[in-house]
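# Examining the three-dimensional arrangement
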Number of protein chains: 2
Amino acid sequence: MSAPAVILSHPQMGENIGAAARAMKNFGLSELRLIAPSCRWPNDRALALAAGAGDIVNNAKVYPDVAAALADVRLVLATTARDRDVVREILTPEAAARRLRAAEREGIASAILFGGERAGLDNDELSLADAVITIPTAEFPSLNLGQAVLLLGYEWLKAADFTPASRTRKSIAVPATRQELVDLFDHLERELDAGGFFFPAEKKEAMVRNIRAMILRAGLSDQEARTIRGMIVALVKNKYRGQKKER
Amino acid sequence: MSAPAVILSHPQMGENIGAAARAMKNFGLSELRLIAPSCRWPNDRALALAAGAGDIVNNAKVYPDVAAALADVRLVLATTARDRDVVREILTPEAAARRLRAAEREGIASAILFGGERAGLDNDELSLADAVITIPTAEFPSLNLGQAVLLLGYEWLKAADFTPASRTRKSIAVPATRQELVDLFDHLERELDAGGFFFPAEKKEAMVRNIRAMILRAGLSDQEARTIRGMIVALVKNKYRGQKKER
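Quick caveat, the model's predicted, so the values are computed rather than measured.

Each helix and strand counted, chain A has 10 helices and eight strands in total. Dimensions along the principal axes, computed over C-alpha positions, put chain A at roughly 95 × 40 × 35 Å. When the 247 residues of chain A are sorted by exposure, 45% land in the buried category. Considering only contacts within chain A whose residues lie at least 6 apart along the sequence, 82% involve residues at least 24 apart. Surface exposure of chain A reaches about 13000 Å², of which carbon and sulfur atoms provide 53%.

Let us now look at the packing of helix α5 (residues 93-105) of chain B against helix α7 (residues 145-158) of chain B. All names here are of chain B. Viewed as axis vectors pointing N to C, α5 and α7 meet at an angle of 55°, and their least axial separation amounts to 8 Å. The orientation of α5 relative to α7 falls into the category oblique. Considering only the axes of α5 and α7, their crossing is right-handed. Every residue of α7 that contacts α5 at Pro 93, Glu 94, Ala 97, Leu 100, Arg 101 and Glu 104 is listed here: Leu 152, Glu 155, Trp 156 and Leu 157. Tallied by class, residues from the contact of α5 with α7 come to six nonpolar, no polar and four charged.

All right, on to the side chain of Asn 16 of chain A then. Along the chain, Asn 16 of chain A turns up in helix α1 (residues 14-26). The residues contacting Asn 16 of chain A, other than those within four sequence positions of it, are Glu 117 and Leu 145 of chain A.

Right, let's get into the interface of chain A and chain B. With 53 residues of chain A in contact, the opposing surface of chain B contributes 53 residues. Of the roughly 4300 Å² buried between chain A and chain B on both sides combined, carbon and sulfur atoms contribute 57%. Counting the contacts that link chain A with chain B gives four salt bridges. Across the pair Glu 155 of chain B and Lys 158 of chain A runs a salt bridge whose closest N-O atoms are separated by 2.5 Å. Counting across the chain A and chain B interface gives 14 residue pairs in polar contact (both at pLDDT 80 or more).

Reading the values: rules and limits
- Residues numbered from 1 in each chain as written.
- Chains lettered and ligands numbered in written order.
- Predicted model: local features only at pLDDT ≥ 70, side-chain atom pairs only at ≥ 80, totals over all residues.
- Heavy atoms only, no water.
- Helix = DSSP H or I, 4+ residues; strand = E, 2+ residues; numbered from the N terminus.
- Buried < 20%, exposed > 50% of the residue type's maximum accessible area, 1.4 Å probe, protein only.
- Contact = heavy atoms within 4.5 Å.
- Areas by Shrake-Rupley, 256 points an atom, 1.4 Å probe, with all protein chains shown as cover.
- Axes fitted to C-alpha atoms, helices over the stretch in contact; angles between N-to-C directions.
- Parallel < 35°, antiparallel > 145°, perpendicular 65-115°, else oblique.
- Left-handed = near helix turned anticlockwise from the far one by under 90°.
- Nonpolar A, V, L, I, M, F, W, Y, C, P; charged D, E, K, R; others polar.
- Buried area = accessible area lost by both parts, 1.4 Å probe.
- Salt bridge = Lys/Arg side-chain N within 4 Å of Asp/Glu carboxyl O.
- Polar contact = N/O pair within 3.5 Å; in protein donor to acceptor, adjacent residues only side chain to side chain.

Below is the structure:
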């Protein structure tokens, strides 16, 4: 187990500590450390906001200063919105997550350091970090502490998440076979022909091509192909009875 | 302008609407639509929580139902945590953002649909979406409305953000030239030699190689190379004076 510790430096509001704990739990982080919280501690509001993540709040360790909180940590990434005049590596949250996952694979203890609500991390705190993380924002950057923890947690989980970018619920349906689709095309085109849909006749071939493309694009399951055939039957039903009467 | 509209269906708390607006502004989204909010509207708490994003709250349009809210939208992606028994495409937030950016490039109006705090989107609402978005979480999924909007907004901004994964503050420093580094190596190795550091002598070559690698790994700027040479001068200063006296 070497998921990164989340370290909050000089947090001011219990609510934000609770929100951070909840965000951590959402994304599989569990070790919370606090550096000299300026709210009282333990804190009821932190527990209330943590919702189901009360265990993270209850197990949080409190340290007097940043050096104590980081003593056993070997890779420290610090979040900061501000540019400072030190030559230090700046990572995107995504790149930071990849680096933390690499440390995890190698069994290297790591931490993400977050500054207090008002002023962020001070230069002394930043001077112990291997690199800083800057979260990209639009022209209006006002992420609060809980949001910053949420985004880093999200990237941490994503860095080991292999959910395909796009998928459909395969378990409840298999794609229709080509035979089922050809039967559907034949059925539909026969009834459209009967209804005088293909006009003028020389355009029929192109119209058929477009209709087939439209249907294929929907990626029908076998059940859906059967449903559409049932819809065609329902649509033409009364029409033939009527035609017979008229003849 | 065809950034996606953010549509909140049946939101219950003004606070969450305000948090959503603030998250939107952080990541460059501006159009907020509300479907039948169950809190009173306009809402003071929404404005308070929006902080600097009050304009988004004030410009939010209210619609009676999902069909009205989506009438002019051509690409609808709906967030949902629940699996439902419909064959529908499921996207990661990242893939959803790429699709929304593609729509933006083609001038196609798009929207991200979020359900109410308690129950999420109902099946009727989902039935108007082109695809659903599921946010990956750990075993404890309890993202609130503001957090879901935050993560989708973040991915929206990221999809058009070209910040390099890793960078250093180039504007304030240029990397040292090889000559500056060679001068530093020579200076350091000469003084280490004088201090009897390279022992036993047959290991000197390997020791030099390791020291040079360690220094190169730091990626020194020209100023930093000069600083280290100054440090060497400072470290050896009194030592030579002392040696002269002893002789």
